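Fold and geometry: a report
The chain contents come next:
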Amino acid sequence: MKELASRDYYGKALADLAADRDIVVLDADLAESTKASEFRKVAPERFIEAGIAEQDMIGVAAGLAASGKTVFASTFAVFGSGRCWEQIRLAVAYPRLNVKIVTTHSGISVGEDGASHQALEDLAIMRALPNMTVVSPADAHEAYAATKAIAAFDGPVYMRLGRAKFPVVTEEGAEFKIGVATVLRRGADVTLVGTGQMVARCLEAAEALEAEGVDAEVINMSTVKPLDSVALFESVSKTGCAVTAEEHSVIGGLGSAVAEFLSCELPSPVTMIGTRDTFGESGAPPALMERYGLTAECIKAAAIRSIGMKKEPIR
Amino acid sequence: MGRGIRELEEKAGLLRRDVIEMTTEAGSGHPGGSLSSADLLAALYFEVMRHDPSDPGWDGRDRFVMSKGHAAPALYAALAESGYFPREELLTLRKLGSRLQGHPVRGKTPGVEMSTGSLGQGLSMACGIALAAKLDGKDHRTFCLLGDGELQSGQNWEAAMFARHHRLSRLTAFVDRNRLQINGLTEDNMSLDPLPEKWRAFGWNVIIIDGHDMAQILEACRKSGLSERNPTVVIMHTVKGRGVSFMENNPEYHGKVCKPGEEAESALAELGRRRI
């Protein structure tokens, strides 16, 4: 599979959006890494440096949005969600201001920088905020389309991107609809729900399962909030069980969102793939993905487990 | 200048009475810091700011951000007196279903620009508003009222750096320097002095006034509007609880209201008797 970095496509999308004079981009000294620097190249007057001061950056973003601007504020996921969480809560989410917090370098695949830079909790803390939409694209093409979609959407959004190059699993040019999941593979035995780069692992796992006679459906849940509960209900009604996969803690993220919904509306076995109440550490990204159980192999084993827990096991 | 000094002083007195009545009726709230900022609010809403209560979203309006959100009663009193909403509504403060929440909420109360109440955030918001005006070449001004205690929060100094770096000369911050916070004296709790030097070091114009002297407030507002390069901070020496003898300089009245009956009546008697 071709591999591309979603942040590169975020940068491209920002540059393509620059013709809209209401768009302002804020940076906290990481523009070259987040690729917000692409916007600076074409609209330097609307690229605003906040310095290494994320709390202030969010307040400034809120003030700009209150004056009619569409604001993108970018930094790494740990800093953009955690350092300024309460600022996001009061200044952005509560008054429902038009601020897009787009973070890169999420998850364990940040790699060598280690735990201080590996956001494994951001989906959880952003999802808990009322009025907040949480988007987690599966690949670079979807990151591009999602950037345009959230720019057109009036309200607070948190969008989570990675650092490394990830396999491409969506079509270039496909429209991104906030809150709409896509079924990437049809199947009858188990629903694999992934978000971010774990969608590619779900597809890999589905192929491996097929070799063993298990028919897995794969859903790209690229909006974690609002969760596409219709797609989830339809799929799990058919398959009877699910696996969730995210490069994030199993506490509070996609797995929790799926389990919250299914346990109330369609009680079904769910097995969660994600990090386990733990911090990360330094290492090469593939080695870390392996070490923390974020592989196609693990998803496959989880699928077998979920199927085994069904009241009426497979066929 | 439209209104005279005396008329503005009377307005400030009206706001103080409203603050006591509202918070007594609510049974909770923060009268001390509301009373210390009443003179500034009277100056801004009834003389200095360009605004239109019949059109709260008017694009050309000057903006006011109440960073010390616990002084909401004073802000609500100023907004009601301006005509943003009926004065009778002041007595709904803090009650279920009221538009007048315990701390200011954007979109809830006509005239409230930003949601505040968690201290230390308002100056950043004001920076964003002032920056938007600058980007669009608009000339309206942005005002922000800071408590002195909240200057212990680092975000203010991030915002101070930001405002100077981006040359937000149409931004004026006021510090309600009443020297008290919940624990007692700011200087015992977490000292702020030398405060003017801190702001000067961050590159701001600094004006120091008596925050209860209407002429000085108006002059500071006029002078700060002339700055062409740097933001301005007006450090206002004030008295917490100003206007009610038993509340003045008493940290207890940061978050404690008058008891209904004798205590409230004696406060209102000192302030004169207008009723909501």
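Residues numbered from 1 in each chain as written. Chains lettered and ligands numbered in written order. Predicted model: local features only at pLDDT ≥ 70, side-chain atom pairs only at ≥ 80, totals over all residues.

With respect to the overall build of chain A
The number of helices and strands found in chain A is 13 helices and 14 strands. Its C-alpha atoms give chain A principal-axis dimensions of roughly 60 × 40 × 35 Å. The burial tally for chain A puts 62% of its 315 residues in the buried class. Long-range pairs, those at least 24 residues apart, make up 79% of the contacts in chain A between residues at least 6 apart in sequence. (Helix = DSSP H or I, 4+ residues; strand = E, 2+ residues; numbered from the N terminus. Buried ≥ 20, exposed ≤ 12 C-beta atoms within 10 Å, placed from the backbone. Contact = placed C-beta atoms within 7 Å.)

Points about the domain arrangement of chain A
All names here are of chain A. We note that the domain assignment places domain 1 (3-167) and domain 2 (182-308) within chain A. The interface of domain 1 with domain 2 comprises 27 residues on the first partner and 31 residues on the second. Those elements that place two or more of their residues in the side of domain 1 that touches domain 2 are α7 (122-127), β6 (133-135), α8 (140-152) and β8 (165-167). For the side of domain 1 that touches domain 2, the per-class residue count stands at 14 nonpolar, eight polar and five charged. (Domains from an automatic or database assignment. Nonpolar A, V, L, I, M, F, W, Y, C, P; charged D, E, K, R; others polar.)

Description of the environment of B:E262
For B:E262, the position within the fold is in helix α10 (residues 262-271). When the C-alpha atoms of B:E262 and B:D210 are compared, they prove to be 31 Å apart, with 52 residues separating the residues in sequence.

A closer look at the environment of A:S109
Residue and element names in this part refer to chain A. Looking at where S109 falls in the secondary structure, it is placed in the loop between β5 (99-104) and α7. What makes S109 buried here is the crowd of 23 C-beta atoms within 10 Å. Along the backbone, S109 and L288 are 179 residues apart, and their C-alpha atoms lie at a distance of 6.9 Å. If we skip the residues at most four places from it in the chain, S109 touches G162, R163, A164, Q197, E247, P285, L288 and M289.

Looking at the pairing of strand β10 (residues 190-194) of chain A
Residue and element names in this part refer to chain A. The element β10 is extensively covered by neighbouring structure, given that five of its five residues are classed as buried. Residues V190, L192 and G194 of β10 are buried on one face, and the alternating residues T191 and V193, pointing to the opposite face, are buried as well. A crossover connection joins β10 to the parallel strand β11 (residues 216-220) through helix α9 (residues 198-211); in handedness this β-α-β unit is right-handed. Across four bridges, the pairing between β10 and strand β13 (residues 242-249) is parallel. From the neighbouring strand, L192 faces β13, where its bridge partner is V243. (Right-handed = clockwise from strand over helix to strand, strands pointing away. Pairing = 2+ DSSP bridges.)

What to know about the nonpolar core
A:L26, A:A61, A:A62, A:L192, A:I299 and B:C127 are the most contacted members of the largest nonpolar core, which has 188 residues in total. Among the domains, domain 1 (3-167) and domain 2 (182-308) of chain A are the pair contributing at least three residues each to this core. Residue contacts for A:A61: discarding those within four places in its chain leaves A:L26, A:V71, A:A73, A:V92, A:V99 and B:G128. (Core = buried A, V, L, I, M, F, W, Y, C linked by C-beta atoms within 7 Å.)

A short note on the sheet that holds β6(A)
Consider a sheet: its strands pair through backbone hydrogen bonds, and that pairing is either parallel or antiparallel. Residues and elements named next belong to chain A. The mixed open sheet is built from seven strands, whose spatial order is β3-β2-β4-β5-β7-β6-β12. Edge strands, defined here as strands with exactly one partner in the open sheet, are β3 (47-49) and β12 (223-225). Neighbour-to-neighbour, the strand axes of this sheet turn through a mean angle of 20°, independent of strand direction. As defined by bridge partners, strand β4 (residues 70-76) adjoins β5 across six bridges and the pair is classed as parallel. Its bridge partner being in β5, S74 is matched across the sheet by V102. Against the sheet, helix α4 (residues 54-66) makes contact with β2 (23-27), β4 and β5, and its axis sits at roughly 165° relative to β4, the strand it touches most. (Axes fitted to C-alpha atoms, helices over the stretch in contact; angles between N-to-C directions.)

Thoughts on unusual backbone geometry
A negative phi angle characterises most non-glycine residues, just as the trans form characterises most peptide bonds. Look at the link from A:K225 to A:P226: it is a cis peptide, with omega at -5°. Structurally, A:P226 is set in the loop between β12 and α10 (229-239). Backbone torsion omega between B:D193 and B:P194 reads 0°, so that peptide bond is classified as cis. When you line up the elements, B:P194 lands in the loop between α7 (186-189) and α8 (195-201). With a phi close to 35°, A:D277 is a non-glycine residue in the positive phi region. Looking at where A:D277 falls in the secondary structure, it is placed in the loop between β14 (270-275) and α12 (285-291). Overall, the presence of 9 C-beta atoms within 10 Å leaves A:D277 in the exposed class. In this structure, B:R94 is a non-glycine residue whose phi angle is positive, near 70°.

Looking at the environment of B:E187
Residue and element names in this part refer to chain B. Looking at where E187 falls in the secondary structure, it is placed in helix α7. Sequence separation of E187 and T142 is 45 residues, and the distance between their C-alpha atoms is 29 Å. If we skip the residues at most four places from it in the chain, E187 touches R179 and D193.

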